[in-house]
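Remarks on the overall topology
For reference, the chains in residue letters:
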Amino acid sequence: MEPAILTAGWELLAERGYAGMSFEELAERAGCSRPALYRRFANKRELVIWMLDNANRDTDPQLSARVAPRTVLIENLWGLVRHLDGPAGIATPELAQARRRDPELSAALDALYQRERRPYVVALDAAFAGALPAAEVSAFVDNMIGAVLFRAGSLRQKISRRQVQQLVDQTLAAAHAIVDGMRA
């Protein structure tokens, strides 16, 4: 039942937006009852957060602890590109609008974003052995993720793996320049 709910949920969110999404239509598309949905999810916000969390899990890379930080950054960004390539990408701008009208959804999305950005923060910190200030690490992570969200989510542009690699390499080069400047 969960895969059917996830698929139907993304389709509805992409077609109708957050405000137009209903448990009744979701239940019909997923082949379950409305009461079954309400037993699993207290409200639409909880459902959407679950959808986001599970969609991200499907595209998360499976990496060993010994993988180079550059590879961690590339694989995580590539997972985000794959996530945004389907209905989730179509729904991304709508979720950005919905968060303005729903403070609880906004807070939940912020918490999810903080959790999802963690592998990037850890990889960048490891790449520079902690020498890069936390504010710089945070800015670089936001820039990488933001570039992908804007191009793939908002503009619906295709992003190649090579472009993801270039974005990571540009980020690492800029971070190296900051660390080198601090050591000089």
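Residues numbered from 1 in each chain as written. Predicted model: local features only at pLDDT ≥ 70, side-chain atom pairs only at ≥ 80, totals over all residues. Heavy atoms only, no water.

1. Digging into the pattern of salt bridges
Once the charged atoms of two side chains with opposite charge are near each other, the side chains can pair. Here is the rule: Criterion for a salt bridge: a side-chain nitrogen of Lys or Arg within 4 Å of a carboxyl oxygen of Asp or Glu. Labels follow the DSSP assignment, with helices taken as runs of H or I lasting at least four residues and strands as runs of E lasting at least two, numbered in each case from the N terminus. Only protein chains enter the accessibility calculation, which uses a 1.4 Å probe; a residue whose area is less than 20% of its type maximum is buried, one above 50% is exposed, and one in between is partly exposed.
As enumerated under the stated definition, the model contains 15 salt bridges in all. Residue glutamate 2 is joined to arginine 40 by a salt bridge in which the shortest nitrogen-to-oxygen separation is 3.0 Å. One end of the pair, glutamate 2, is in helix α1 (residues 2–20); the other, arginine 40, is in helix α3 (residues 34–40), and 38 residues separate them in sequence. Look at glutamate 2 and you get partly exposed, because its relative accessible area is 38%. Using a relative accessible area of 33% as the deciding quantity, one classes arginine 40 as partly exposed. Two residues, arginine 45 and aspartate 102, come together in a salt bridge whose shortest N-O distance is 3.2 Å. In this pair, arginine 45 is assigned in helix α4 (residues 44–59) and aspartate 102 in the loop between α6 (87–101) and α7 (103–127), connecting sequence segments 57 residues apart.

2. Details of the packing of helix α5 (residues 69–84) against helix α8 (residues 134–154)
Packed helices, taken two at a time, are described by the angle their axes make and the gap between the axes. Applied cut-off: Only the stretch in contact is used when a helix axis is fitted, and all axes are lines through C-alpha atoms; the angle between N-to-C directions ranges over 0 to 180 degrees. Roughly parallel means an angle under 35 degrees; roughly antiparallel means over 145; roughly perpendicular covers 65 to 115; every other angle is labelled oblique. Take the far helix as your reference; a near helix turned counterclockwise from it by less than a right angle gives a left-handed crossing, and one turned clockwise gives a right-handed crossing. Contacts between residues were defined by any pair of non-hydrogen atoms, one from each residue, lying within 4.5 Å. For this classification, Asp, Glu, Lys and Arg are treated as charged, while Ala, Val, Leu, Ile, Met, Phe, Trp, Tyr, Cys and Pro are nonpolar and the rest, including Gly, are polar.
Close contact between α5 and α8 brings their axes to 10 Å; oriented N to C, the two are set at 25°. Classified by the angle between their axes, α5 and α8 sit roughly parallel to one another. In this structure, α5 crosses over α8, and the sense of that crossing is right-handed. Along the contact surface, α5 presents Leu73, Leu77, Leu80, Val81 and Leu84, while α8 presents Met144, Ile145, Val148, Leu149, Ala152 and Gly153. Looking at side-chain class alone, the contact of α5 with α8 contains ten nonpolar, one polar and no charged residues.

3. Quick word on the packing of α8 against helix α9 (residues 161–183)
Axis separation between α8 and α9 bottoms out at 11 Å; the angle between their running directions is 160°. The orientation of α8 with respect to α9, classified from their angle, is roughly antiparallel. Here the hand of the crossing between α8 and α9 comes out right-handed. When α8 is examined against α9, the residues Glu136, Phe140, Met144, Ala147, Val148 and Arg151 are found in contact with a partner set consisting of Gln163, Leu167, Val168, Thr171, Ala174, Ala175 and Ile178. Tallied by class, residues from the contact of α8 with α9 come to nine nonpolar, two polar and two charged.

4. Considerations on the packing of aromatic side chains
Threshold: When the centres of two rings from Phe, Tyr and Trp lie within 6.5 Å, Trp using its six-membered ring, the rings pair. Their planes under 30 degrees apart give stacked, over 60 give edge-to-face, and anything left gives tilted. A ring is scored as having a charge over it whenever the NZ atom of a lysine or the CZ atom of an arginine sits within 6 Å of its centre and within 35 degrees of its normal.
This model, assessed by the stated rule, comprises two aromatic pairs. Residues phenylalanine 23 and tyrosine 38 carry aromatic rings whose centres are separated by 4.5 Å and whose planes lie at 40° to one another, so their mutual orientation is tilted. With phenylalanine 23 in helix α2 (residues 23–30) and tyrosine 38 in helix α3, this residue pair connects regions lying 15 residues apart in the sequence. Given the relative accessible area of 6%, phenylalanine 23 is considered buried. Ring centres of phenylalanine 41 and tryptophan 50 lie 5.1 Å apart, and the angle between their planes is 55°; on these two criteria the pair is classed as tilted. One exposure class covers both phenylalanine 41 and tryptophan 50, and it is buried. The ring of tyrosine 18 carries the charged tip of lysine 44 above its face, separated from the ring centre by 4.9 Å.

5. Details of the environment of methionine 51
Relative to the assigned elements, methionine 51 resides in helix α4. Methionine 51 gets classed as buried once you look at its relative accessible area, which sits at 0%. Residues methionine 51 and tryptophan 10, 41 residues apart in the sequence, show an inter-C-alpha distance of 7.6 Å. Setting aside its immediate chain neighbours within four residues, methionine 51 contacts Leu6, Gly9, Trp10, Leu13 and Met21.

6. Concerning unusual backbone geometry
Although it is not a glycine, alanine 129 adopts a positive phi angle of roughly 50°. On the secondary structure map, alanine 129 appears in the loop between α7 and α8. The exposure class assigned to alanine 129 is exposed, which follows from its relative accessible area of 72%. You will see that arginine 156, though not glycine, has its phi angle at about 60°, which is positive. On the secondary structure map, arginine 156 appears in the loop between α8 and α9.

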